[in-house]
Amino acid sequence: MDKMKNQSSFKIPGELGRYEEIISKYTWVIILLLIITDAVIRYIQKNLLFYREVFYIQSISFFVILCFSVFKILKIRNQQIKPGLLYSVIKLSEILIIAVFLHTMHNGLVFSFLMVFPIVSICMTRGIKFSIPYLGYAFASYIGIAHLFFLKRIQSGDAYHGQWVFYLHAFILFFLFFVFLKILDNYSIQFKQNEFDNNNLISQLGRKYAQLEEAKIERQKQYDELVEINARLEEANKKLNESLAEFFTLQQVSEAISSIFDMDELLGFVNDIIIGVMGASASSIILYNGNRLKVKLSSIKNAKERVILTDNINNSFLKDAIEKGESIIDNSVNPDNYEFTRGRNVKSLLCVPLQIKGTKHGLILIEHNIPDAFQDSNIHLLEIITQQISIAIDNARLYKQLQDYGNTDGLTQVYNRIYFQKCLKEELKQAKNERYDVSVVLYDIDDFKKFNDTYGHLFGDLVLKSIAGLVKKSI
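Residues numbered from 1 in each chain as written. Predicted model: local features only at pLDDT ≥ 70, side-chain atom pairs only at ≥ 80, totals over all residues. Heavy atoms only, no water.

What follows concerns the pairing of strand β5 (residues 359-368). Every other side chain in a regular strand lies on the same face of the sheet, so the side chains alternate between the two faces. In terms of residue burial, β5 counts as a mostly covered element, since 8 of its 10 residues are buried. Taken together, the 6 bridges between strand β1 (residues 282-289) and β5 define a ladder with antiparallel strand orientation. Considered in β5, the bridge of Ile285 is made with Ile364. Bridge count between strand β4 (residues 348-356) and β5: 9 bridges; the pairing is antiparallel. Looking across to β5, one finds that Ser348 is bridged to His368. (Buried < 20%, exposed > 50% of the residue type's maximum accessible area, 1.4 Å probe, protein only. Helix = DSSP H or I, 4+ residues; strand = E, 2+ residues; numbered from the N terminus. Pairing = 2+ DSSP bridges.)

Now for the sheet that holds β4. The strand order β2-β1-β5-β4-β3 describes an open sheet built from 5 strands, whose pairing is antiparallel. Looking at which strands have only one partner, the edges of the open sheet turn out to be β2 (292-298) and β3 (328-330). On average, each strand axis in the sheet is tilted by 20 degrees relative to the strand beside it, whichever way the strands run. Of the strands in this sheet, β1, β2 and β5 touch helix α9 (residues 263-278), which is tilted by about 145 degrees from β1. Packed on one face of the sheet, helix α12 (residues 376-407) meets β1, β3, β4 and β5 and runs near 40 degrees to β4. (Axes fitted to C-alpha atoms, helices over the stretch in contact; angles between N-to-C directions. Contact = heavy atoms within 4.5 Å.)

Let us now look at a nonpolar patch on the surface. Judged by side-chain polarity, Ile132, Phe171, Ile172, Phe175, Leu176, Phe178, Val179 and Ile183 come together as a nonpolar surface patch covering roughly 740 Å² of accessible area. No other element matches the 7 residues that helix α8 (residues 163-259) contributes to the nonpolar patch. Along the chain, Phe178 turns up in helix α8. On the basis of relative accessibility, which here comes to 31%, the residue Phe178 falls in the partly exposed class. (Patch = residues over 30% accessible without salt bridge, like charges linked within 9 Å, V, L, I, M, F, W, Y side chains within 5 Å. Areas by Shrake-Rupley, 256 points an atom, 1.4 Å probe, with all protein chains shown as cover. Salt bridge = Lys/Arg side-chain N within 4 Å of Asp/Glu carboxyl O.)

Moving on: the pairing of β4. Along β4, 8 of the 9 residues are buried, which leaves the element largely enclosed by surrounding structure. In terms of strand pairing, β3 meets β4 through 3 bridges, oriented antiparallel. Pairing of Asp330 across the sheet is with Leu349, part of β4. Hairpin connection from β4 to β5: 2 residues lie between these consecutive antiparallel strands, with Lys357 at a positive phi of about 55 degrees.

In globular proteins that are soluble, nonpolar side chains generally tend to be buried together. Membership of the largest hydrophobic core comes to 33 residues, with the highest contact counts inside it found for Phe101, Leu102, Leu114 and Met115. Of all the secondary structure elements, the ones that give two or more residues to this core are α2 (12-45), α3 (48-77), α4 (85-103), α5 (117-126), α6 (128-148) and α8. By residue number, the principal contributor to this core is α4, which donates 7 residues. If you look at the next biggest cluster of nonpolar residues, it comprises 23 residues, including Ile274, Ile285, Phe374 and Ile379. (Core = buried A, V, L, I, M, F, W, Y, C linked by side-chain atoms within 4.5 Å.)

Turning our eyes to something else, we now look at unusual backbone geometry. Phi angles above zero are rare outside glycine, and Arg435 is one such case at about 60 degrees. For Arg435, the position within the fold is in the loop between α13 (417-434) and α14 (448-455). Residue classification places Arg435 among the exposed positions, given a relative accessible area of 78%.

Further remarks concern the packing of α14 against helix α15 (residues 457-474). Two elements in contact, α14 and α15, have axes separated by 7 Å at closest approach and are oriented at 140 degrees. Taken together, the axes of α14 and α15 are oblique relative to one another. Contact residues: Phe448, Phe451, Asn452 and Tyr455 in α14; His457, Phe459, Gly460, Val463 and Leu464 in α15. Residues of the contact of α14 with α15, tallied by class, amount to 6 nonpolar, 3 polar and no charged. (Parallel < 35°, antiparallel > 145°, perpendicular 65-115°, else oblique. Nonpolar A, V, L, I, M, F, W, Y, C, P; charged D, E, K, R; others polar.)

Averaged over every residue, the pLDDT of the chain is 76; the share at 70 or more is 79%. Ignoring residues within four places in sequence, the model shows residues 1-13, a span with pLDDT below 50, making 16 contacts including any to other chains. Throughout residues 153-161 the model reports pLDDT below 50, and contacts reaching past four residues in sequence, or to other chains, amount to 21 contacts. (pLDDT = per-residue confidence, 0-100.)

Looking now at the side chain of Ser348. Within the secondary structure, Ser348 sits in strand β4. Judged by its relative accessible area of 0%, Ser348 falls in the buried class. A distance of 3.2 Å separates a polar side-chain atom of Ser348 from the backbone nitrogen of Asp372. When near neighbours in sequence (up to four residues on either side) are disregarded, Ser348 contacts Asp330, Asn331, Val333, Ile366, Glu367, His368, Ile370, Pro371, Asp372, Ala373 and Phe374. (Polar contact = N/O pair within 3.5 Å; in protein donor to acceptor, adjacent residues only side chain to side chain.)

Have a look at this one:
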């Protein structure tokens with residue numbers, strides 16, 4: 001408990017500044033409103049000369065209180081004043097001035113709570129023990145000033161009907177003020193206890209933090225040593241890693257070609273491998289669509305850059321490289337030579353054609369935003385990858401042809417029953433998920449058996465082919 005008191009005493013100036021500012025602002029606003037309200041009432045009920053005198057006294061009181069408050073707050077902020085003689089004199093002066101101000105008002109006793117405002121900060125910071133003398137001084141000041149001007153109040157009938165009634169009201173009010181300060185004192189004790197506990201917790205956390213800092217420094221030293229060792233190991237294993245990366249890449253591409261039959265999925269997988277191995281900024285697979293090149297797949301995410309590449313991919317340099325079957329490596333890219341690089345911050349590029357058995361499929365284009373990014377070894381690896389991809393493209397086309405043969409009836413050249421059942425199952429599932437209706441049209445050839453029996457099965461086949469052709473034209 002003694003430690004808590006010492007801790008609280010040390011922090012009194014900071015708390016005083018905070019409380020004094022809040023209380024002073026409320027005091028200024030309330031007094032200013034009371035002056036205006038009282039001026040209006042007196043102007044309506046009293047003669048103009050007496051109103052002016054009262055208004056002047058109230059204004060002077062407000063100005064003096066304002067000066068005292070500002071002086072006090074500034075001194076507390078600058079740590080030039082603490083609870084002591086000067087602070088007590090200022091507080092007593094404020095209480096006296098407020099008491100004078102209240103006796104100039106119509107029904108001033110109603111607003112006597114203003115006299116407690118200067119005492120609130122004392123109660124919050126030092127407790128009820130130090131507040132009682134100030135409260136007694138406030139009561140004595142109010143009663144003393146009231147006694148000096150009581151006869152005039154009685155004669156004017158301004159506020160009260162008797163002296164003893166006034167004293168009784170004042171005593172009750174100041175007793176209530178004492179109860180209020182007592183409640184405030186209980187809050188203050190609890191507040192200081194919590195603050196003391198928090199300070200102890202902060203102190204413990206500070207010690208823990210210091211220990212963690214020391215441990216962090218030690219860990220940092222160990223980390224720096226590990227980084228140095230790791231750098232040496234990386235330098236020693238650099239060439240081995242490059243060889244292993246090439247081997248792994250070729251293995252992954254070979255496995256993908258043998259297991260992935262969907263062309264889009266295969267190209268996406270290979271493109272990801274190229275970016276990982278080459279460390280490029282972007283990789284694009286470009287295939288022929290008729291006589292023109294078209295970007296089939298690209299890792300470029302920026303929409304604007306992707307449009308630039310797509311719109312300008314039919315570049316003469318690229319087409320010549322495909323026709324000649326030659327690779328292009330340029331580690332100092334001039335945008336004037338490659339329209340698709342303008343405005344895209346491409347400093348290096350590597351291009352390898354995709355072709356097999358004289359068939360030109362397109363090319364692979366990888367780019368980097370730093371100069372001198374590619375080496376001859378990159379060309380060798382990429383050429384091997386493009387050979388594998390070219391084989392995969394042919395395999396995929398062959399696989400698609402086999403699928404078409406398997407799904408198509410040899411006689412009518414329309415989809416067969418197996419394909420129909422597969423599509424119907426998928427369509428019904430999708431319709432159920434998306435909640436739409438499905439219609440199935442069935443039709444039958446009348447007297448088809450009679451036709452076969454009469455004209456023979458060759459003519460029956462001709463009927464089936466003719467009807468299938470008519471249906472295909474009408475879909």
